[in-house]
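# Structural overview
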Amino acid sequence: MDHFLYRDGHLCAEDVPMSDIAAAVGTPFYCYSAATLTRHFLLFKEALEPMPSLVCFAVKSNSNVAVLKLLGDLGAGMDVVSIGEYLRAKAAGVPGERIVFSGVGKTPQEMRMALEGGIRQFNVESEPELEALSAVASSMGVEAPITLRVNPDVDAKTHEKISTGRKEDKFGVPISRAREIYARAAALPGIKVVGVDMHIGSQLTDLAPFEAAYTKMRGLVEALRADGHTIDRLDLGGGLGIPYTRSNEAPPLPLDYGAMVKRVLGDLGCEIEIEPGRLISGNAGMLVTQVIYRKSAEEREFLIVDAAMNDLIRPAMYGAHHDIIPVIEAEAGVLPEPFDIVGPICESGDTFAKQRALPPMAPGDLVAFRSAGAYGAVMSSEYNSRPLIPEVMVQGDHFAVIRARPTYDEMIARDSIPAWL
Ligand code: LLP
């Protein structure tokens, strides 16, 4: 459930009409609902009760500091994959003890900065990374708390580009070698083993791959404990999928997910950590854009909108579907027409949707892309020298710009011309 609804024919974010926001900030823009973010976070938290748990929001899905502050204030931890994300979490007031550091390529400099600023754990993904972390922590005279990300070799049955838990994927250490690498970790100076970590992929719409992987983790925790390691934490990663279409998708709910986690892992006595991103932020955000032109071509009716693939790359990159809805609802009895909805960028990949039914549209009309709160703004770029678009957060009947649209001068001023040119 989200908090984007039509009231008197006007699409609203909570109590604010989208057209009011468009008038104030211009188009295109991202709009997030504070109530939806809150609701989704609490669903996960409650689903894991009464197990001791920490829900670490996957910052990669939406890293706006206002979003992180809202979730952090509710008690969320943060899952970061770069020191940039770590510093954003810190800027949002999240203490280091609630930040876990994931990712296959942490640099020694990032390790040092995280150790200096305070970190709950590093989710270490390889032996060379383990050695590097040991060297950094020892040189600082501290111990780095670690889990090893274990690759359980389970097919998440999701999009090829976001599947991470098969043995041919680049992530984690093979489960077959986990005990050996844990023994190495325990012997290294500056390293303190605290648990086990895994993440098999994103946008999973079935609990079975999670359950298969968690069952393997259970066996591993028991084996590692028998080997003498202290395994107090089990980080299960993120990945629970969301419905991208209103009509026919019903992925498992956090409550179902939590029940399965309790059934498979509840008696291990581990603190459970999870790293959901998309389920918290995805349907808490929309991208609102304006029709620039309506263009008739042979057998096609194009809507050229002012958002483009640089603002929302998911359709171009993954063939992803986003529901597209009018900001002013069609009057009863008006028949929808099929449109190809495209951006202004000079490549055919800049296509958001083909043959999508919408009420008759004219230049100046606004449409909203649903499910754009996760992997939307964070994956945007300035391709075609289009400045990054603003982000807005709504709470009840008020809204605020939480990232302003840069001016063209600001965008261009980041470049510099060498004195010798
Ligand atoms: N933890 C780790 C270690 C991850 O790699 C990811 C996502 C998550 C947690 C959060 O997964 P979520 O709960 O959001 O599914 N750009 C792609 C998604 C990439 C996901 C990468 N890793 C997209 O737009 O679909």
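Residues numbered from 1 in each chain as written. Predicted model: local features only at pLDDT ≥ 70, side-chain atom pairs only at ≥ 80, totals over all residues. Heavy atoms only, no water.

### Some remarks on the nonpolar core
- Among the nonpolar cores identified, the biggest contains 98 residues, and Met78, Phe122, Tyr214 and Tyr257 are the most heavily contacted of them.
- Per-element accounting of this core gives the leading share, seven residues, to helix H8 (residues 208-226).
- Residue assignment places this core across two domains, with domain 1 (4-31 + 282-413) and domain 2 (34-280) each supplying three or more.
- With 18 residues, the next largest nonpolar core counts Phe4, Ala22, Val25 and Leu366 among its residues. (Core = buried A, V, L, I, M, F, W, Y, C linked by side-chain atoms within 4.5 Å. Buried < 20%, exposed > 50% of the residue type's maximum accessible area, 1.4 Å probe, protein only. Helix = DSSP H or I, 4+ residues; strand = E, 2+ residues; numbered from the N terminus. Domains from an automatic or database assignment.)

### Things to note about the site of the ligand
- Taken together, 18 residues lie near the ligand, and Ser202, Glu275, Arg278, Arg314 and Tyr375 sit nearest.
- With respect to the ligand, the side chain of Ser202 contributes an N or O atom lying 2.4 Å from an oxygen atom.
- One of the backbone nitrogen or oxygen atoms of Gly239 is found 2.8 Å away from an oxygen atom of the ligand.
- In isolation the ligand offers 590 Å² of accessible surface; the protein chains occlude 91% of this area.
- Of the residues assigned to the shell around the ligand, the class counts are six nonpolar, six polar and six charged.
- Of the residues that make up the shell around the ligand, three or more belong to each of domain 1 (4-31 + 282-413) and domain 2 (34-280). (Near = heavy atom within 4 Å. Polar contact = N/O pair within 3.5 Å; in protein donor to acceptor, adjacent residues only side chain to side chain. Areas by Shrake-Rupley, 256 points an atom, 1.4 Å probe, with all protein chains shown as cover. Nonpolar A, V, L, I, M, F, W, Y, C, P; charged D, E, K, R; others polar.)

### Some thoughts on the packing of aromatic side chains
- Per the stated rule, a full pass over the model turns up seven aromatic pairs.
- Note on Phe210 and Tyr257: the rings are 5.4 Å apart at their centroids and 75 degrees apart in plane angle, and the pair reads as edge-to-face. Placement of the pair is Phe210 in helix H8 and Tyr257 in helix H9 (residues 254-265), with a sequence separation of 47 residues. Per residue, the accessibility class of Phe210 equals that of Tyr257, and both read buried.
- A ring pair is formed by Tyr214 and Tyr257, whose centres lie 6.3 Å apart and whose planes are at 75 degrees; its orientation type is edge-to-face. (Phe/Tyr/Trp six-rings, centres within 6.5 Å; stacked < 30°, edge-to-face > 60°.)

### Considering the packing of helix H2 (residues 34-48) against H9
- Between H2 and H9, whose axes approach to 8 Å, the crossing angle comes to 25 degrees. Looking at the two axes, H2 sits roughly parallel to H9. With respect to the hand of their crossing, H2 and H9 are arranged in right-handed fashion. Across the interface between the two elements, Leu43, Phe44, Ala47 and Leu48 of H2 pack against Pro254, Leu255, Tyr257, Gly258, Ala259, Val261 and Lys262 of H9.
- For the contact of H2 with H9, the residue count by class is nine nonpolar, one polar and one charged. (Axes fitted to C-alpha atoms, helices over the stretch in contact; angles between N-to-C directions. Parallel < 35°, antiparallel > 145°, perpendicular 65-115°, else oblique. Left-handed = near helix turned anticlockwise from the far one by under 90°. Contact = heavy atoms within 4.5 Å.)

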